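# Remarks on the overall topology
One-letter residues, chain by chain:
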Amino acid sequence: MTKYYLRQRHSVDDGVNIVFDENFQASYLVSGRSGKKNDEIHVQDMSGTVLVRIQQTSFGILPRFILKYRGHVVGSISLTLGHLGDIVYVRHLNWLISGNFIAGRYFITHNTKKLLSVKPDMRPDGIYNKLIVTFDTQAPVHIAIAALLDIWGTKSNPLIKLKWLPGQGNQYELTS
């Protein structure tokens, strides 16, 4: 089991995101965006080789994505309307993602085996998604899915639109 740290996005235009390992050494780069048809999210190793691509194939309230690992299609993801139960199925890989995507707390399972768990972790320089990956060979795919769900949660979170999160220029401050 390996731990990775992916900085939470507070905007879909945050640019390149560095993924750190448990010793806080840079391990992967995540770039791209989602929201429009043919948008892509990429996971690269530190030498710049693209390992995983998630390509958006449809847009709207029920977007669909194709998951490519090293150039080969390995799965597809369809996000559901309104986070009904926050359950997503990854076709072809037979992975089930369940939890609370807006809060950043979810896990991926295959049959009864937990492959990934994600939860927020406050660090001195911001909030990160702490990913605990069971199989290191699957890490780039899990990082790509976590990046996609982070963007999806960001778009769906009403508190972000109100800029209530730290570092967002709190224009709606609560007064007592």
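Below or above, wherever it landed, is the structure these notes cover.

Calculation notes
- Residues numbered from 1 in each chain as written.
- Predicted model: local features only at pLDDT ≥ 70, side-chain atom pairs only at ≥ 80, totals over all residues.
- Heavy atoms only, no water.
- Helix = DSSP H or I, 4+ residues; strand = E, 2+ residues; numbered from the N terminus.
- Buried < 20%, exposed > 50% of the residue type's maximum accessible area, 1.4 Å probe, protein only.
- Contact = heavy atoms within 4.5 Å.
- Areas by Shrake-Rupley, 256 points an atom, 1.4 Å probe, with all protein chains shown as cover.
- Phe/Tyr/Trp six-rings, centres within 6.5 Å; stacked < 30°, edge-to-face > 60°.
- Pairing = 2+ DSSP bridges.
- Axes fitted to C-alpha atoms, helices over the stretch in contact; angles between N-to-C directions.

## Considering the overall build of the protein chain
When you go through the protein chain residue by residue, the secondary structure sums to two helices and twelve strands. Scored against the burial criterion, the 176 residues of the protein chain give a buried share of 44%. Considering only contacts in the protein chain between residues 6 or more positions apart, those separated by 24 or more positions represent 31%. Looking at the protein chain as shown, the accessible area adds up to about 9,400 Å², and 54% of this sits on carbon and sulfur atoms.

## Considering the packing of aromatic side chains
Under the definition given, this model contains six aromatic pairs. Seen in terms of ring centroids, Tyr5 and Phe24 are 5.3 Å apart; in terms of plane orientation they differ by 40°. Their pairing is tilted. With Tyr5 in strand β1 (residues 2–7) and Phe24 in the loop between β2 (17–21) and β3 (26–32), this pair connects stretches of sequence that are 19 residues apart. The exposure class of Phe24 is partly exposed, given its relative accessible area of 24%. A centroid spacing of 6.3 Å and a plane angle of 70° characterise the contact between Phe20 and Tyr128, whose relative ring orientation is edge-to-face.

## Focus on the side chain of Asp150
One can find Asp150 in helix α1 (residues 139–156). Here Asp150 is in contact with Arg7, Gln8, Arg9 and Asn129, once residues within four sequence places are set aside.

## Some details on the pairing of β3
Bridge count between β2 and β3: four bridges; the pairing is antiparallel. From the neighbouring strand, Val19 faces β3, where its bridge partner is Tyr28. Where β2 hands over to β3, the hairpin turn is made up of four residues, of which Phe24 adopts a positive phi near 60°. Note: β3 against strand β4 (residues 40–45), five bridges, orientation antiparallel. Directly across from Tyr28, in β4, lies its bridge partner Asp45.

## With respect to the sheet that holds β2
Here twelve strands make up a closed barrel; going around it, the order is β1-β2-β3-β4-β5-β6-β7-β8-β9-β10-β11-β12 and the pairing antiparallel. Looking at each pair of strands side by side, their axes are set apart by 20° on average, direction ignored. Bridge count between strand β11 (residues 113–123) and strand β12 (residues 126–133): eight bridges; the pairing is antiparallel. What sits directly across from Lys119, in β12, is Lys130.

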